[in-house]
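Structural overview for review
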Amino acid sequence: MSLAEPTPPGARSAPDSGAERILQAAARLFAERGYAGTSMQAIAEEAGVCKSNVFHHFASKQALFEAVLDQASRDFRAELSALASAGGTLEERLLAFLAGHLRVLNRHAAAARLLLREIRSADEARGRELAERIIAPSFVQVVELLRRAREEGLIRPDAELALAALLLLKINLFRFESAMVLKHLPEVGLGEDPLPFQRRMVALLVRGLCAAGEEGGR
């Protein structure tokens, strides 16, 4: 997180290296123990700072929790912005998106696991909050990338872009969550290098399952 970026909600000042350590420590502990099971004292000890230093940067545990998720979300949106002017074939663009998305997941692995944990345990109100505040801004950007490709004639006019965006996001998320199981399934071919798997998934998404001359069995 650079000083040029907006200050996370609840942060009292622009984050420095100490605040960065706090964010990383909080992400790890929230992902492992959940929100209720993580204290500010535990975060301070994990970050190697005093508890008052945590409160110097973040007004409350809730503010720190939101800042962890916001940081990863902003990083992903920055990756998407860099792809906004990318050219190439549809498959090349989708592969570039998947590579960027996976970079963010790996760079913010603890925050990604935290968000997935929150999604799994969310009630109606929390689900709406997560969708609107954390997920929707990035999701809209993914849909816009696909919309631009459609405007250039790379995607058919009747394609459901929101559903395509969900599938793209799930390709990496499913690998991120389930790699230890997926790599043992027959014919999946999940290796350490993500590119071959991503190429096959993009080819399947772009070309579909229909036999030549068929359209959805009609």
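Computed from a predicted structure; not experimentally measured.

Another aspect to go through is the pattern of salt bridges. The final tally for this structure, using the stated rule, is 16 salt bridges. Arginine 107 is the salt-bridge partner of glutamate 79, the closest N and O atoms lying 3.4 Å from each other. Taken together, the positions of glutamate 79 in helix α4 (residues 61-83) and arginine 107 in helix α5 (residues 90-107) put the pair 28 residues apart, joining distant regions of the chain. Given the relative accessible area of 15%, glutamate 79 is considered buried. We classify arginine 107 as partly exposed; its relative accessible area is 45%. Here the salt bridges do not stand alone but share partners, grouping Asp75, Glu79, Arg103 and Arg107 into one network.

A surface patch of nonpolar side chains, amounting to about 220 Å² of accessible area, comprises Leu167, Leu205 and Val206. With respect to the helices and strands, leucine 167 occurs in helix α8 (residues 161-182).

With 28 residues, the main nonpolar core has Ile22, Ile43, Leu64 and Val68 as its most contacted residues. Of all elements in the fold, only α1 (17-33), α2 (40-47), α4, α6 (109-121) and α7 (124-151) reach the threshold of two or more residues within this core. Counting residues per element, this core draws most heavily on α1, which supplies nine residues. Sequence-distant contacts of isoleucine 43, defined by excluding residues within four places in its chain, comprise Ile22, Ala25, Ala26, Leu29, Phe30, Thr38 and Leu64. Counting 26 residues, the second largest nonpolar core, distinct from the first, contains Val142, Ala159, Ala164 and Leu190.

The geometry of α4 relative to α5 is characterised by a closest axis approach of 10 Å and an angle of 160° between their N-to-C directions. Compared by their axis directions, α4 and α5 come out roughly antiparallel. Once α4 is placed against α5, the crossing between them reads as right-handed. Only Ala96, Phe97, Gly100, His101, Arg103, Val104 and Arg107 of α5 make contact with α4, whose side of the interface consists of Ala72, Asp75, Phe76, Glu79, Leu80 and Leu83. Split into classes, the residues belonging to the contact of α4 with α5 amount to seven nonpolar, two polar and four charged.

With that out of the way, let us pick up the layout of surface pockets. Approximately 590 Å³ is the volume found for the second largest pocket. If you go around the second largest pocket, you meet 22 residues; those closest to its centre are His101, Leu115, Ile135, Leu169 and Leu173. Of all the secondary structure elements, the ones that give two or more residues to the lining of the second largest pocket are α4, α5, α6, α7 and α8. Here the lining of the second largest pocket is built from residues that sort into 16 nonpolar, four polar and two charged.

What counts, and where the lines are drawn
- Residues numbered from 1 in each chain as written.
- Predicted model: local features only at pLDDT ≥ 70, side-chain atom pairs only at ≥ 80, totals over all residues.
- Heavy atoms only, no water.
- Salt bridge = Lys/Arg side-chain N within 4 Å of Asp/Glu carboxyl O.
- Helix = DSSP H or I, 4+ residues; strand = E, 2+ residues; numbered from the N terminus.
- Buried < 20%, exposed > 50% of the residue type's maximum accessible area, 1.4 Å probe, protein only.
- Patch = residues over 30% accessible without salt bridge, like charges linked within 9 Å, V, L, I, M, F, W, Y side chains within 5 Å.
- Areas by Shrake-Rupley, 256 points an atom, 1.4 Å probe, with all protein chains shown as cover.
- Core = buried A, V, L, I, M, F, W, Y, C linked by side-chain atoms within 4.5 Å.
- Contact = heavy atoms within 4.5 Å.
- Axes fitted to C-alpha atoms, helices over the stretch in contact; angles between N-to-C directions.
- Parallel < 35°, antiparallel > 145°, perpendicular 65-115°, else oblique.
- Left-handed = near helix turned anticlockwise from the far one by under 90°.
- Nonpolar A, V, L, I, M, F, W, Y, C, P; charged D, E, K, R; others polar.
- 1 Å grid on protein atoms, 1.4 Å probe; cavity = no way out; pocket = protein on both sides within 12 Å on 5 of 7 lines; lining within 4 Å.
- Points joined across faces, edges and corners; volume = space filled by probe spheres on them.

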